[in-house]
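Observations on the three-dimensional arrangement
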Amino acid sequence: MISRSGFALSLPLGLGCSRLGSVLGPGEDGARALIATALDHGITFFDTATIYAQGDSERLLGRVLGKRRDCVICSKVGQHLPVPGPALLPIKRLARIAAARSPVARRAVARARAQPLPRIWTASFLSEAVEASLRRLDREQVEIMLLHGPPASVLAEGMAVGTLEAAHRSGKIGLIGVSVDDVPAAFAALADERVRVLQIPLLPGEIEFEPVIERARREGVAIIAREVFGGPRAISGEIQPEGFAASRVAELTTRVDLAVTLVGTTNERHLREAVAAALCAGEDSLRPARARA
Ligand SMILES: NC(=O)c1ccc[n+]([C@@H]2O[C@H](COP(=O)([O-])OP(=O)(O)OC[C@H]3O[C@@H](n4cnc5c(N)ncnc54)[C@H](OP(=O)(O)O)[C@@H]3O)[C@@H](O)[C@H]2O)c1
């Protein structure tokens, strides 16, 4: 078991669930199989958000994981879907078929998904979003809840974190944190002592978040690394992670300053390969220590 800042994992890998139940991901059966594969291979960390797949990502996690206490679910609030999920159901089915058959349709959906959604940081919106998330997840408490992409100004003002803190005090959230899009927001989040978890984009070859990771390590804030294969550019097919995915997983999962590395996959084989790469790298990193012992 690895315990890095408040939650214990047997593997420092998490399943990124943004496409679970989405047009670019598997439907119910495929999603169930993917989660089962994750659990069978020792992955117990699942990253989701209220908006992913119009709420279907959280619903699927709730249905499959139920009230299991051996898993860590991390969700996010603060973004708003202009069209309610159920209204999109018929369109989603058709769009899923089109995206599976045509790379052009897939790229178009990936581009549409990458567009920013409206963000709302009022106490009433965030409190209601936490309640709705718990209902979809079928839990009385979610282990981690993050603000979903607030700017530095919202974090400096402190009210949005305060709303999560109130939900934490009433037992609805285990650890509170922030998922950031840029470095100024990351430093603003780290300046707030109530923030215990920070999710950051760690795209291949980019180093701008390294000072953030260093400060988080000093302050005992857990870092969740996301988009490690290229995020939207990988999903759209612009970047092909096949050639570097294993070494990327090995590189990141052996860093003790990262609590969790998210693997954003819908493919069971890719997930198994990521686990194998993490296990192999973990053994390699222990080898000199064992030799010295
Ligand atoms: N603002 C936020 O808070 C935010 C933003 C973005 C993402 N996230 C979180 O981070 C997670 C990961 O991000 P992401 O999915 O956007 O980006 P990502 O993990 O960098 O990339 C996903 C892409 O990499 C491919 N891939 C994954 N593992 C692979 C492997 N072993 N071999 C080959 N290809 C592989 C996937 O294809 P296959 O499906 O074919 O494997 C997919 O096309 C999301 O699911 C979400 O939970 C949060």
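Above this note sits the structure.
If you're wondering where the values come from, they're calculated on a predicted model, not measured in any experiment. (Residues numbered from 1 in each chain as written. Predicted model: local features only at pLDDT ≥ 70, side-chain atom pairs only at ≥ 80, totals over all residues. Heavy atoms only, no water.)

1. A word on the overall build of the protein
Along its length, the protein carries 12 helices and 10 strands. Based on the C-alpha atoms only, the size of the protein along its principal axes is roughly 60 × 45 × 35 Å. For the protein, with 293 residues in total, the buried portion stands at 48%. Working note: accessible area of the protein is about 13,300 Å², and carbon and sulfur atoms make up 57% of it. Positive and negative side-chain charges in the protein, numbering 37 and 32 respectively, have mean positions lying 4 Å apart. (Helix = DSSP H or I, 4+ residues; strand = E, 2+ residues; numbered from the N terminus. Buried < 20%, exposed > 50% of the residue type's maximum accessible area, 1.4 Å probe, protein only. Areas by Shrake-Rupley, 256 points an atom, 1.4 Å probe, with all protein chains shown as cover. Lys, Arg positive; Asp, Glu negative; His and termini not counted. Charge placed at Lys NZ, Arg CZ, Asp CG, Glu CD.)

2. Observations concerning the site of the ligand
Surrounding the ligand, one finds 29 residues, the nearest of these being Asp-47, Ser-179, Thr-265, Thr-266 and His-270. One nitrogen or oxygen atom from the side chain of Ser-18 is found 3.0 Å from an oxygen atom belonging to the ligand. Interatomic distance of 3.4 Å between a backbone N/O atom of Ala-234 and an oxygen atom of the ligand. Here the ligand has 890 Å² of accessible area as a free molecule, and 90% of this is covered by the chains. Looking at the shell around the ligand, the elements with two or more residues in it are α10 (232-235) and β10 (260-263). The residue makeup of the shell around the ligand, split by class, is 10 nonpolar, 12 polar and seven charged. (Near = heavy atom within 4 Å. Polar contact = N/O pair within 3.5 Å; in protein donor to acceptor, adjacent residues only side chain to side chain. Nonpolar A, V, L, I, M, F, W, Y, C, P; charged D, E, K, R; others polar.)

3. Notes on the environment of Glu-143
Assignment of secondary structure puts Glu-143 in strand β6 (residues 142-148). For the pair formed by Glu-143 and Ile-213, sequence separation is 70 residues and the distance between their alpha carbons is 22 Å. Residue contacts for Glu-143: discarding those within four places in its chain leaves Arg-69, Cys-71, Val-72, Ile-73, Gly-174 and Leu-175. At 3.0 Å, the side chain of Glu-143 and the backbone nitrogen of Ile-73 are in polar contact. (Contact = heavy atoms within 4.5 Å.)

4. Section: the side chain of Arg-19
Within the secondary structure, Arg-19 is located in the loop between β3 (13-16) and α1 (28-40). Put simply, Arg-19 is tucked away with no salt bridge, and the nearest opposite charge, on Glu-242, sits 10 Å away. (Salt bridge = Lys/Arg side-chain N within 4 Å of Asp/Glu carboxyl O.)

5. Notes on unusual backbone geometry
Even without glycine at this site, Ala-53 takes up a positive phi of about 50°. When you line up the elements, Ala-53 lands in the loop between β4 (45-47) and α2 (56-65). Here Ala-53 falls in the buried class, since its relative accessible area comes to 7%. Even without a glycine there, the phi angle at Gln-54 is positive, about 55°. Position of Gln-54 among the secondary structure elements: in the loop between β4 and α2.

6. So, the sheet that holds strand β7 (residues 173-179)
Read around the closed barrel, eight strands run β3-β4-β5-β6-β7-β8-β9-β10, paired in parallel fashion. Neighbour-to-neighbour, the strand axes of this sheet turn through a mean angle of 25°, independent of strand direction. Strand direction decides the pairing type here: β3 and β4, joined by three bridges, are parallel. The residue of β4 that forms the bridge with Leu-15 is Phe-46. Lying over the sheet, helix α7 (residues 159-169) contacts β5 (72-77), β6 and β7, oriented at roughly 165° with respect to β7. (Pairing = 2+ DSSP bridges. Axes fitted to C-alpha atoms, helices over the stretch in contact; angles between N-to-C directions.)

7. A closer look at the pattern of salt bridges
Counted under the stated rule, the structure contains 23 salt bridges. Between Lys-76 and Asp-47 there is a salt bridge, and its shortest N-O distance comes to 2.7 Å. Of this pair, Lys-76 sits in strand β5 while Asp-47 sits in strand β4, and the two are 29 residues apart along the sequence. Residues Lys-76 and Asp-47 agree in their burial class; the two are buried. Here Arg-248 ties to Glu-251 by a salt bridge, and the two come within 3.1 Å at their closest N and O atoms. Of this pair, Arg-248 and Glu-251 are both found in helix α11 (residues 245-253), three residues apart, which corresponds to roughly one turn of the helix. Look at the salt bridges and you will find they share partners, linking Arg-119, Asp-181, Arg-226 and Glu-227 into a network.

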